[in-house]
Amino acid sequence: MQNREFEEYTTPRNRPCLAGVRRSAIALLAALLVVLLGAPPALASDRGEPTDLVPRDAAYFGSILDWSSDSVVDQAERLGAPSAIYQRDVSYPLTDTDKGYLSGFFDQTAAVGAIVVVAVTPTVPLAELDRGDAEAFVDALDQIAQPPGAPLYLSFAPDMNTTWVGWGQRPDEYRAAFALFADVVHERLPGAAVVWSPFWGGDYPFAATSTPAPAGTDTDGDGALTSADDPYAPYYPGDAAVDAVGLSLYFDETGGVEARNVVPGPDAFVSRLTGTDGSGAPDFAGTYSSPDRPLLIETAAFYSASVGGSSELEVKSAWWRQIEGAVASGRLPSLAAVIWEDTTTRRGVVGETVIDWSVTLSSDAVRSAFVSDLRSSDLVLGPVREPSGESAASMPVQGWLGWILVAVVVALIAGLVIFAARGSARARRLRYVGSPARDARIDLLRGLAIVFVVVNHLGLASYLQIGTQEFLGVVSGAELFVLLSGAVLGLVYRPKLVSGGIGEVVIRTAGRSWKLYRTALVVVVLIFFLSLLPFLNGRAVTTFTDQGTGAAGTGATGRVYDLYAGADRLLQYPVDPQVVIDFLLLRMGPWQFNVMGLYVVLLLISPLVLWALGRRWWPWVLGASLALYLVGYTTRLRLVPAQFEDSFPLLVWQMLFIVGMVAGFHRREIIAWFATRAGRVALIAIVAVAVALMLFSWNNPYAPAPGDPRLALVSDNAFRGVYGALFERTYLAPGRLLNVLVLVVALYALLTAFWKPIAAVAGGFLIPLGQSTLYVFVMHVFFALAVASIPFLTRGDLLLDTLANVVVLALLWLMVRTRFLFAVVPR
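Residues numbered from 1 in each chain as written. Predicted model: local features only at pLDDT ≥ 70, side-chain atom pairs only at ≥ 80, totals over all residues. Heavy atoms only, no water.

Concerning the pairing of strand E1 (residues 59-64)
For a regular strand, side chains alternate in direction, first toward one face of the sheet and then toward the other.
In step 1: Counted residue by residue, E1 has six buried out of six residues, so it is predominantly covered.
In step 2: Two strands pair when backbone bridges link them, and E1 and strand E11 (residues 379-380) are joined in this way by two bridges, in the parallel orientation. By the bridge assignment for E11, Tyr-60 is matched with Val-380.
In step 3: Of the strand pairs in this sheet, E1 and strand E8 (residues 335-341) are connected by five bridges, and their pairing is parallel. Counterpart to Gly-62 in the pairing with E8 is Ile-339.
In step 4: In this sheet, strand E2 (residues 85-92) lies alongside E1 in parallel orientation, the contact comprising three bridges. Residue pairing for E2: Gly-62 is matched across the bridge by Ile-85. (Buried < 20%, exposed > 50% of the residue type's maximum accessible area, 1.4 Å probe, protein only. Helix = DSSP H or I, 4+ residues; strand = E, 2+ residues; numbered from the N terminus. Pairing = 2+ DSSP bridges.)

What about the packing of aromatic side chains?
In step 1: Counted under the stated rule, the structure contains 46 aromatic pairs.
In step 2: With a centroid separation of 5.4 Å and an interplanar angle of 75°, the aromatic rings of Tyr-250 and Trp-357 are classed as edge-to-face. Separated by 107 residues along the polypeptide, Tyr-250 in the loop between strand E6 (244-248) and helix H6 (268-274) and Trp-357 in the loop between strand E10 (353-354) and helix H9 (364-375) bring together distant segments of the chain. Residues Tyr-250 and Trp-357 agree in their burial class; the two are buried.
In step 3: Ring centres of Phe-528 and Phe-529 lie 5.2 Å apart, and the angle between their planes is 65°; this geometry places the pair in the edge-to-face category.
In step 4: A cation over an aromatic ring shows up here: Arg-88 above the ring of Phe-105, its NZ or CZ 6.0 Å from the ring centre. (Phe/Tyr/Trp six-rings, centres within 6.5 Å; stacked < 30°, edge-to-face > 60°. Lys NZ or Arg CZ within 6 Å of the ring centre and 35° of its normal.)

Quick look at empty space enclosed by the protein
In step 1: Under the defined criterion, the tally for this structure stands at seven cavities of 30 Å³ or more.
In step 2: A volume near 200 Å³ is recorded for the largest cavity.
In step 3: Those elements that provide at least two residues to the lining of the largest cavity are helix H12 (440-458), helix H14 (477-531) and helix H17 (595-614).
In step 4: Its residues placed into classes, the lining of the largest cavity shows twelve nonpolar, seven polar and one charged.
In step 5: Looking at the second largest cavity, its volume works out to about 100 Å³.
In step 6: In terms of lining, the second largest cavity is formed by 13 residues, of which the most central are Leu-586, Met-588, Phe-593, Asn-594 and Gly-597.
In step 7: Of all the secondary-structure elements, those providing two or more residues to the lining of the second largest cavity are H14 and H17.
In step 8: Along the lines of polarity and charge, the residues of the lining of the second largest cavity split into nine nonpolar, four polar and no charged. (1 Å grid on protein atoms, 1.4 Å probe; cavity = no way out; pocket = protein on both sides within 12 Å on 5 of 7 lines; lining within 4 Å. Points joined across faces, edges and corners; volume = space filled by probe spheres on them. Nonpolar A, V, L, I, M, F, W, Y, C, P; charged D, E, K, R; others polar.)

Section: the nonpolar core
In step 1: By size, the foremost hydrophobic cluster in this structure holds 115 residues, and its most contacted members are Tyr-153, Leu-154, Phe-181, Trp-196 and Phe-269.
In step 2: The element best represented in this core is helix H5 (residues 171-188), accounting for seven residues.
In step 3: Once residues within four sequence positions are removed from consideration, Phe-181 is found in contact with Tyr-92, Val-120, Ala-134, Phe-137, Leu-154, Phe-156 and Val-194.
In step 4: Judged by nonpolar contacts, the second largest core, of 110 residues, contains Val-609, Leu-743, Leu-769 and Leu-793. (Core = buried A, V, L, I, M, F, W, Y, C linked by side-chain atoms within 4.5 Å. Contact = heavy atoms within 4.5 Å.)

Here we look at a positive patch on the surface
In step 1: Together, Arg-422, Arg-426, Arg-428, Arg-429 and Lys-756 line one region of the surface with positive charge.
In step 2: Broken down by element, the residue count for the positive patch peaks at three residues, all from helix H11 (residues 425-429).
In step 3: Structurally, Arg-426 can be placed in helix H11. (Patch = residues over 30% accessible without salt bridge, like charges linked within 9 Å, V, L, I, M, F, W, Y side chains within 5 Å. Areas by Shrake-Rupley, 256 points an atom, 1.4 Å probe, with all protein chains shown as cover. Salt bridge = Lys/Arg side-chain N within 4 Å of Asp/Glu carboxyl O. Lys, Arg positive; Asp, Glu negative; His and termini not counted. Charge placed at Lys NZ, Arg CZ, Asp CG, Glu CD.)

Description of unusual backbone geometry
In step 1: Across the junction of Gln-146 and Pro-147, the peptide omega takes the value -10°, indicating a cis bond.
In step 2: Relative to the assigned elements, Pro-147 resides in the loop between helix H4 (131-144) and strand E4 (152-156).
In step 3: With omega at 0°, the peptide bond leading from Tyr-573 into Pro-574 counts as cis.
In step 4: Note that Pro-574 resides in the loop between strand E14 (560-562) and helix H16 (577-584).
In step 5: If you check the backbone angles, Ala-157 has positive phi at about 45° while not being a glycine.
In step 6: Locating Ala-157 in the fold gives a position in the loop between E4 and H5.
In step 7: With relative accessibility at 0%, the residue Ala-157 sits in the buried group.

Re the pattern of salt bridges
In step 1: Enumeration over the complete set of coordinates arrives at 24 salt bridges.
In step 2: Of the charged contacts, one joins Asp-342 and Arg-78 as a salt bridge, the two residues approaching to 4.0 Å between their closest N and O atoms. One end of the pair, Asp-342, is in the loop between E8 and strand E9 (349-350); the other, Arg-78, is in helix H2 (residues 72-79), with 264 residues separating them in the sequence. Note on accessibility: Asp-342 and Arg-78 belong to one class, buried.
In step 3: For the salt bridge of Glu-312 with Lys-316, the shortest nitrogen-to-oxygen distance reads 2.8 Å. Here Lys-316 and Glu-312 lie together in helix H8 (residues 312-329), a separation of four residues that amounts to about one turn. Exposure class is identical for Glu-312 and Lys-316. Each is buried.

Digging into helix H3 (residues 96-111)
In step 1: Here H3 spans 23 Å end to end across 16 residues, near enough to the 22 Å set by a 1.5 Å rise per residue.
In step 2: Judged by how many residues are buried, H3 sits mostly within the fold: 14 of 16 residues are covered.
In step 3: A positive phi of about 70° marks Gly-113, the residue just after H3. (Expected span 1.5 Å × (residues − 1).)

Some thoughts on the side chain of Glu-324
In step 1: Among the secondary structure elements, Glu-324 is positioned in helix H8.
In step 2: It turns out Glu-324 is buried and unbridged, and the closest side chain with the opposite charge, Arg-321, is 5.7 Å from it.
In step 3: In this structure Glu-324 touches Asp-373, Leu-374, Ser-377 and Leu-379, once residues within four positions along its chain are discounted.

A few points about the confidence of the model for the protein chain
In step 1: Overall, the prediction assigns the protein chain a mean pLDDT of 84, with 87% of residues at 70 or greater.
In step 2: Contacts from residues 1-51, a stretch scored under 50 in pLDDT, to residues over four places away or in other chains number 199 contacts.
In step 3: Low pLDDT (under 50) marks residues 390-394, which in the prediction has 16 contacts with non-local residues, meaning those over four places away or in another chain. (pLDDT = per-residue confidence, 0-100.)

Things to note about the pairing of strand E7 (residues 295-299)
In step 1: Counting buried residues in E7 gives five out of five residues, a clear majority hidden from the surface.
In step 2: Side chains of E7 alternate between two faces, with Leu-295, Ile-297 and Thr-299 and Leu-296 and Glu-298 buried alike.
In step 3: Pairing geometry for E6 and E7, over four bridges, is parallel. In the strand pairing of E7, Leu-247 is matched with Ile-297.

Observations regarding a nonpolar patch on the surface
In step 1: On the surface, Ile-502, Val-506, Leu-608, Trp-611, Trp-617 and Trp-620 cluster together into a nonpolar patch covering about 640 Å² of accessible area.
In step 2: Where the nonpolar patch is concerned, the elements lending two or more residues are H14 and H17.
In step 3: By the secondary structure assignment, Leu-608 is in helix H17.
In step 4: In this structure Leu-608 comes out as exposed when scored by relative accessible area, which is 60%.

What about the side chain of Thr-343?
In step 1: By secondary structure assignment, the location of Thr-343 is in the loop between E8 and E9.
In step 2: What Thr-343 contacts, discounting residues up to four positions off in sequence, is Ile-64, Leu-65, Asp-66, Asp-356, Trp-357, Ser-358 and Leu-361.

Let's talk about the environment of Leu-180
In step 1: Along the chain, Leu-180 turns up in helix H5.
In step 2: Exposure remark for Leu-180: the relative accessible area of 26% places this residue in the partly exposed category.
In step 3: As for Leu-180 and Arg-131, which are separated by 49 residues in sequence, their C-alpha atoms are 6.6 Å apart.
In step 4: With residues up to four places along the chain from it excluded, the contact list for Leu-180 reads Asp-130, Arg-131 and Ala-134.

If you want it as structure tokens, here you go:
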């Protein structure tokens, strides 16, 4: 998966759309054991039960959470009640991934009776958005919304007057896109209010003077965009299109050379809203809000523990007390909601400064003071409508039922281990018997890994996706694939090293590396040209939406990266030499394919490793690999200027490959050792750890997909803390590294003991795929492009998407069996 450290603006608008993806599932066992246990008790509101978007009196208190590491229930526990409003971003046009995120988000908010604000963030140029896009978005939203027909706010392309969003400072295009979107919403979703929400204009135009001024921005007629121009009026779409107005108003005084924690001055909140603070910004509240056009404020106060100045409690309490005072005084009669950015994991950077905007995740002193002041204020907490209870679609398996499920799984696995260890004639008849020249167990495991990879990369919300993403443990197909690729290399090249010497090994591995490099170049260029075809959805492979698991952290969740940035220069004449260099260095390419660059480099260094293994220096090989892993894990150092370093950092991922090489090279010796008494004891311990990690992964609370049951034996907060510390994916945190190693050993042992029944059921399908993984990996990229271009596969229908996954896998298997294009595509 692709993750790039892009430069971020210091304001909180560059926050994640969602935080992290929950994919693991236990569908078969849960189907037998899950019963609805009832919804958790609703949290009572202190101020009645208003049911409209606008409260009867005072103003709602709302929250923006880091949806990758926090939840409505968790925040409600910290706050003592749910917020009245919750806000999250979503891409427009709506992707399959965001449909799943939205479904989980609506389930959470409906369960506590909260109102929803959906911030609609365009991922394509405004001029390219048409009525069809708006209708598809609104219709999908109508299907996803929970409870059905409940009112909600839709904030279209917020912060449009800034420079740090893709749709920023294009007022003419913005007004047209807003009006079109609002027309569709008013026609098809009457319970929704469309919100126009710029950023506070005190620092407008947020950059140096622009000459000439962008079209439509020059309100004073001097030909330049300066602080003298109106920061709001050019972007206002008109009263007919706007149902409510919003404003991003953060207290952040870090515009100078040195960032410091500053206490807000007296009346700063109201004066900025009314244009009386001396910044030159107009009166926003008086001009644009009214009793018929309510005002929503998105806010927080800057604090960083790494800079000097006032304390966190001084800074934040001054700001929230000004807000509470403004609500109590009635000075802002149209104010309907105050929505606080309650996050700590968002990576807002000023130099090397991490900003903490939160009020419930920070120190106990801040949280206690905030909760106390909030309870005594006129801000309204939730629930503000009838709680609907937890959605059965993502019902966790709790309490005694969960423990019964765990006991059943453990008993099953223990029974299998005991049966295999008995050594009876029946048990021996089930064991693996194969050719010493090729290990079919590894082929089957590689087939399983490539199935995991294909299903994940197709990006469909299917039952197969639920059952393959971190189901066997906190492990994805990528880790399995890299480890097993190393094992095959060690297994294949040991006899070649003995018979032909290191020279033959160098020639063969270099040739293989060159073949992979040529293949990678062809695929990267071919995908680029295919993405230009109007009937193909090229964005599915030429862009990547961050899942919050990579180098940029959970705060990057939802960020969209252009993986072919500048590639259009290839079509210009004369061709820009830099774009040719970028292609040759594999700096561009589909995210589903970027691991290929890692294999190219690892194959180039593999002769050195094989030579050392041939001299029985395996302890030194493993020690050096571990040292490089630790350097990469602690420093985040990149060695190669290629795209794969963003998702598969070489210093870290080499360890999986080299451990696999060592294991493959010494396969016979390792198998013989596991047959000893000490080896059997070690194997039992390894299986136990693998089972424990699998059960742990079933507690994963990250954005459960519809139809995705999970255990709830570990609290969400505890799971997130452990997961974040030990199981981060891009840099292969130690827990994830341990998990993949013990899982492969346990699966290999399972195949050894029960080969015949397993091979009879799955071998005919998985072994051919495992024997042609490179071919399958190349071809699946084109299937990913094709699937993303089929309109009816973007609706999030679990059954339909599952059928699509099955069809793609069946076609890949058939292509392998018929050797389709084997003469062209390497295997």
